[in-house]
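Here are the chains, one letter per residue:
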Amino acid sequence: MKGLPRGASFTMTHTQTKGETMCGIVGYTGTRQACEVLLEGLSRLEYRGYDSAGIAVQHGGAMEVICRTGRVSQLRSSVEAVGVPGTCGIGHTRWATHGRPSEANAHPHTSCDGRIAVVHNGIIENFNEIRERLAAAGHDLRSQTDSEVVAHLIEEAYPRACAKEGTDALVRAVADTVEQLSGSYALAVICDDEPDAIVCARKDSPLVVGMAEDGAYVASDVIAMLDATRDIVVLADGQIARCTPDALTCFARCGDDLRTFDAQTTHIDWDMDVAEKTGYPDFMLKEIHEQPRVIRDTLAGRLVGNSIQIDELQLTPEELNLIDRVYIIACGTSYHAGLIAKNLIEGWARIPCEVEVASEFRYRNPIITPTTLVVAVSQSGETADTLAAIRDARVKGARVFGITNVIGSPVAREADGVIYTKANKEIAVASTKSFLGQVVSLTLLALVLAQAKGKMTSGHIRQLYTELANTAELVERVLEDTTAIDEAAHACTDAASALFIGRGMGAAVAHEGALKLKEISYLHTESYAAGEMKHGPIALIDEGFPVIAIATRSAVYDKVVSNLQEARARGAVVVALATEGDEDIRAHADHVLFIPPVRDAFSPIVASVPLQLFARSVALARGCDVDQPRNLAKSVTVE
Ligand code: F6R
């Protein structure tokens, strides 16, 4: 059988699978006090998750370094207590990989003489051998990190670089150092001998630089510098930049030489509101409230005449018709979006669809033929396991389609086609609006496949699209009054554990509801297809045990009601998520969260929202930080 055409965008670099970009880098050199700029920038990066933070600031040819475990606010208190003057510096938030969270392991790391400071994102794969060599040469390595070796390598290279004519010594020393590294890195380096310069380099880990009126800014994520400039240079792999208060010079290797080049600037036109709470107490609540807008934006322009158009698929209706198997690969919340889509793709398009967590898919030998469509779903577009699974699937001959929220992310670059979920930047670590954007995008994909397979009339497609678009309004209604949600949350706050159950679409909603609750409230949760209750989980239930049942109107409604009755008979506190108008459900539940009537196929879009609010409410009552739950990072770029 004829296979599906392949895109030409694929590039595979082995080390990318190991790259770690969970940490955050900032740098500033200019006319302002650097510590203020650095602390502001680090606060902007907090959303990515971290366990320690630090800054190094230059002042009159001497370096002040302060690192703290915990929050940026703790670092700020220490900085303010001593006062750290100076107009050039670098900062870092660290998410521990090599070595536990501690002040010694926090960045910046310094050379033995303390004259060079370095912040690093990524993983230096050959750090053990470098470390041994440096230690044997008398270097005093004070941390357990891979990153520290970079400061010592630059220390070795700097005198050699000074002896050479031409390019600035720090640039040359950094260039010599990165030649010795394997793995991934984004680096920002300062040195007492060049007190107003920051030198940056990158490979497989993002780094951007930008010039503003008051100086030069460096960051691993543009959000850290958006207040100062929207015109940025995205460094490419292998490039080096030297930033001073009034100039940005970019270098690329040319044989043994370093040549300067004119860097291209990219204008960022995001609304700065994405990085602000705009009156909401936390980003999670703000992002939950953005969901009606996400649904509308994700759907905009998709119905043309009576058919759904996803031109980004770059497949003709005939080619789509050839697809005979779909795999959806993803992790965490994105995997749950896939579970919902499986029901739609199989139900509407009648194509067998498997949903698999990417970390499993990549290590087994799935059946892939040229007519297999692999759909990779990733909010960040950077998840290491999902990326590795994409690469494997492509090598095995599948057509790979990405669904992501981040323009130009690795998932977008490496897939043959991509749908962007239009959620805009998501700051809270727990995914809410991105999840809804994924579900809506996958629903569109299911409709396109059904259309291509001739399983639906155009009238049916239009009808479904109209109802799908209407979910935005239904979500708005859920958001109007959260009293019942807060009351139910109050009843579960002191529980040790909770069980989420549902059937069909409700099972996927239950899995996502349970994940949301556990990740932000640290309350242990389980989720099961309700039919599995009697096969084990019912043993958990005793007096006061919370059971959250997805009991919206559907073909399996009566079955779910039987399951929640069984739970209640054993003393469970039952929270039922039900359809408005279903007054009977009150007889079987302690708390009822109503959602407006909605077709079962679209019920997860509406039903997930009260569970997001429920999780947030429980987490707040338990004193948790809903935006930055412990141990979690926004982008999981390590295996
Ligand atoms: C949970 C959550 C995570 C992510 C998972 C995959 O709220 O956000 O479970 O869904 O880490 O991340 P992406 O979608 O970026 O691949």
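Residues numbered from 1 in each chain as written. Predicted model: local features only at pLDDT ≥ 70, side-chain atom pairs only at ≥ 80, totals over all residues. Heavy atoms only, no water.

Trainee: Please set out the overall build of the protein residue by residue, giving values where relevant.
Mentor: Scanning the protein from terminus to terminus reveals 18 helices and 27 strands. Its C-alpha atoms give the protein a radius of gyration of 26 Å, within 12% of the compact-globule value 26 Å for 639 residues. Structurally, the protein occupies a C-alpha span of about 80 × 60 × 45 Å along its principal axes. The buried share of the protein, reckoned over its 639 residues, is 60%. Taking as baseline every contact in the protein between residues at least 6 positions apart, the subset at least 24 positions apart corresponds to 72%. A total accessible area of about 23,600 Å² is found for the protein, and carbon and sulfur atoms account for 48% of it. If you average the places of the 60 positive and of the 84 negative side-chain charges in the protein, the two averages end up 5 Å apart. (Helix = DSSP H or I, 4+ residues; strand = E, 2+ residues; numbered from the N terminus. Rg over C-alpha atoms; globule rule 2.2 N^0.38 Å. Buried < 20%, exposed > 50% of the residue type's maximum accessible area, 1.4 Å probe, protein only. Contact = heavy atoms within 4.5 Å. Areas by Shrake-Rupley, 256 points an atom, 1.4 Å probe, with all protein chains shown as cover. Lys, Arg positive; Asp, Glu negative; His and termini not counted. Charge placed at Lys NZ, Arg CZ, Asp CG, Glu CD.)

Trainee: With reference to specific residues and values, describe the site of the ligand.
Mentor: Close contacts around the ligand come from 14 residues, with Ser334, Ser378, Ser380, Thr383 and Glu519 the closest. Contacts to the ligand include Lys516, whose side-chain N or O atom sits 2.8 Å from an oxygen atom. For the ligand, the cavity whose grid points lie within 2 Å of the majority of its atoms is the second largest pocket. When contributions to the shell around the ligand are tallied by element, the ones reaching two or more residues are α9 (332-349) and α16 (505-521). The residue inventory of the shell around the ligand, partitioned by class, reads four nonpolar, eight polar and two charged. (Near = heavy atom within 4 Å. Polar contact = N/O pair within 3.5 Å; in protein donor to acceptor, adjacent residues only side chain to side chain. 1 Å grid on protein atoms, 1.4 Å probe; cavity = no way out; pocket = protein on both sides within 12 Å on 5 of 7 lines; lining within 4 Å. Sits in = over half its atoms within 2 Å of the grid points. Nonpolar A, V, L, I, M, F, W, Y, C, P; charged D, E, K, R; others polar.)

Trainee: Account for empty space enclosed by the protein, naming residues and giving values.
Mentor: Applying the stated criterion across every chain yields a total of two cavities of 30 Å³ or more. Roughly 80 Å³ of volume is contained in the largest cavity. What lines the largest cavity is a set of 13 residues, among which Arg503, Gly506, Ile550, Thr552 and Ser554 lie closest to the centre. Contributing elements (two or more residues each) for the lining of the largest cavity: α16, α17 (557-569) and α18 (603-621). The biggest single contributor to the lining of the largest cavity is α16, with three residues. Grouping the constituent residues of the lining of the largest cavity by class yields seven nonpolar, four polar and two charged. Size it by volume and the second largest cavity reaches roughly 60 Å³. (Points joined across faces, edges and corners; volume = space filled by probe spheres on them.)

Trainee: Describe in detail the pattern of salt bridges, supporting the description with residues and values.
Mentor: Per the stated rule, a full pass over the model turns up 41 salt bridges. For Glu312, the salt bridge identified is with Arg302, shortest N-O distance 2.7 Å. One end of the pair, Glu312, is in the loop between β17 (307-308) and α8 (317-322); the other, Arg302, is in the loop between α7 (291-299) and β16 (303-304), with 10 residues separating them in the sequence. Measuring nitrogen to oxygen at the nearest pair gives 3.6 Å for the salt bridge that ties Asp582 to Arg553. With Asp582 in the loop between β26 (573-579) and β27 (591-595) and Arg553 in the loop between β25 (546-551) and α17, the pair connects residues that are 29 residues apart, well separated along the chain. Residue Arg553 is classed as partly exposed on the basis of its relative accessible area of 43%. What emerges from the salt-bridge pattern is a single network uniting Lys286, Glu290, Arg293, Asp297 and Lys433. (Salt bridge = Lys/Arg side-chain N within 4 Å of Asp/Glu carboxyl O.)

Trainee: Quick one: what's the story with the packing of aromatic side chains, residue by residue and with numbers?
Mentor: Tallied over the full model, the rule gives three aromatic pairs. Between Tyr28 and Tyr217, the ring centres sit 4.9 Å apart and the planes meet at 55 degrees, which makes this aromatic pair tilted. Here Tyr28, found in strand β1 (residues 24-30), pairs with Tyr217, found in strand β10 (residues 215-219); they are 189 residues apart in sequence, far enough to count as distant. Judged by its relative accessible area of 0%, Tyr28 falls in the buried class. For Tyr217, a relative accessible area of 4% puts it in the buried group. Centroid distance Tyr327 to Phe361: 5.4 Å. Interplanar angle 65 degrees. Geometry classified as edge-to-face. Separated by 34 residues along the polypeptide, Tyr327 in strand β18 (residues 325-330) and Phe361 in helix α10 (residues 358-361) bring together distant segments of the chain. There is no split in this pair, since Tyr327 and Phe361 are both buried. Just above the ring of Tyr557 sits the side chain of Arg553; from NZ or CZ to the centre is 4.3 Å. The side chain of Arg630 reaches across the aromatic face of Tyr522, ending 3.9 Å from its centre. (Phe/Tyr/Trp six-rings, centres within 6.5 Å; stacked < 30°, edge-to-face > 60°. Lys NZ or Arg CZ within 6 Å of the ring centre and 35° of its normal.)

Trainee: Could you give an account of unusual backbone geometry, with specific residues and numbers?
Mentor: Residue His107 is joined to Pro108 through a cis peptide bond whose omega torsion reads 0 degrees. Mapped onto the elements, Pro108 comes out in the loop between β4 (88-94) and β5 (109-110). Of note in this structure, Lys422 is not a glycine but carries a positive phi near 60 degrees. Position of Lys422 relative to the elements: it lies in the loop between β22 (417-420) and α13 (433-452). Notably, Asn631 is not glycine yet its phi reads approximately 65 degrees, a positive angle. Inspection of the secondary structure assignment puts Asn631 in the segment after α18.

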